[in-house]
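Close look at the chain arrangement
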Amino acid sequence: SDLPAAPAIEGFFGEDAEGAYLIGTRCTACSTVFFPPERTTCRNPGCSCDEFEDTKLSRRGTLWSYTNNSYEPPPPYHRPKEDEDFTPFAIAAVELEAEKMVVVGMVPAPITCADLKVGMPMELTLDTLFEREGTRQITWKWRPVQG
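Criteria and cut-off values
Residues numbered from 1 in each chain as written. Predicted model: local features only at pLDDT ≥ 70, side-chain atom pairs only at ≥ 80, totals over all residues. Heavy atoms only, no water. Core = buried A, V, L, I, M, F, W, Y, C linked by side-chain atoms within 4.5 Å. Buried < 20%, exposed > 50% of the residue type's maximum accessible area, 1.4 Å probe, protein only. Helix = DSSP H or I, 4+ residues; strand = E, 2+ residues; numbered from the N terminus. Contact = heavy atoms within 4.5 Å. Patch = residues over 30% accessible without salt bridge, like charges linked within 9 Å, V, L, I, M, F, W, Y side chains within 5 Å. Areas by Shrake-Rupley, 256 points an atom, 1.4 Å probe, with all protein chains shown as cover. Salt bridge = Lys/Arg side-chain N within 4 Å of Asp/Glu carboxyl O.

1. Here we look at the nonpolar core
Ranked by size, the top nonpolar core spans 25 residues in total, and within it Leu-22, Phe-35, Val-103, Leu-116, Met-122, Trp-140 and Trp-142 carry the most contacts. Elements that contribute at least two residues to this core include exactly β3 (19–27), β7 (89–96), β9 (121–132) and β10 (135–144). Among the elements that make up this core, the one with the highest residue count is β7 (four residues). Beyond its immediate sequence surroundings of up to four residues, Met-122 is in contact with Arg-59, Arg-60, Gly-61, Leu-63, Ala-92, Val-94, Leu-116, Trp-142, Arg-143, Pro-144 and Val-145. One finds Cys-27, Phe-34, Cys-47 and Phe-52 within the second-largest nonpolar core, a separate group that totals six residues.

2. A short note on a nonpolar patch on the surface
On the surface, a cluster of nonpolar side chains totalling about 300 Å² of accessible area is made up of Trp-64, Val-102 and Val-104. Within the secondary structure layout, Val-104 lies in strand β8 (residues 102–106). Accessibility expressed as a relative area gives 47% for Val-104, which makes it partly exposed.

3. Some points on the environment of Ala-93
Summarising the element assignment, Ala-93 is placed in strand β7. Looking at Ala-93, the relative accessible area reads 9%, which means it is buried. Between the C-alpha atoms of Ala-93 and Thr-62, which are 31 residues apart in sequence, the distance is 8.6 Å. If near-sequence neighbours (up to four positions away) are discounted, Ala-93 is found in contact with Thr-62, Leu-63, Trp-64, Ser-65, Val-102, Val-103 and Val-104.

Dropping the structure here:
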């Protein structure tokens, strides 16, 4: 699409010369890493710190689990293009390479559950979530490692 792109959620992901990445936060006291980014109080029960620094999370990981979303979610879900019918899509739970936390995300079309296998290497990509008011709203998605 030739439409300009904007993040569907500000501050959760970015892109640099190496590709897409998730933005997590690291507690400055205990070094626990969080995604989505934490901004109030450390969720580590042994820590009461409230200071965090942004950190780029692993771009790759291992497919921990996956499923097919066969039913159209309720609002605030938006179809990718409002004039098209709902199309089922795959969802992947990926264990990040370094952080060992599991982050869930959609899988970009045309990849389906038939293309996925638990334990396979996955990588982060940015893709259109939906188009609205002349803008492509983008988000992170997981796909099998390319090449």
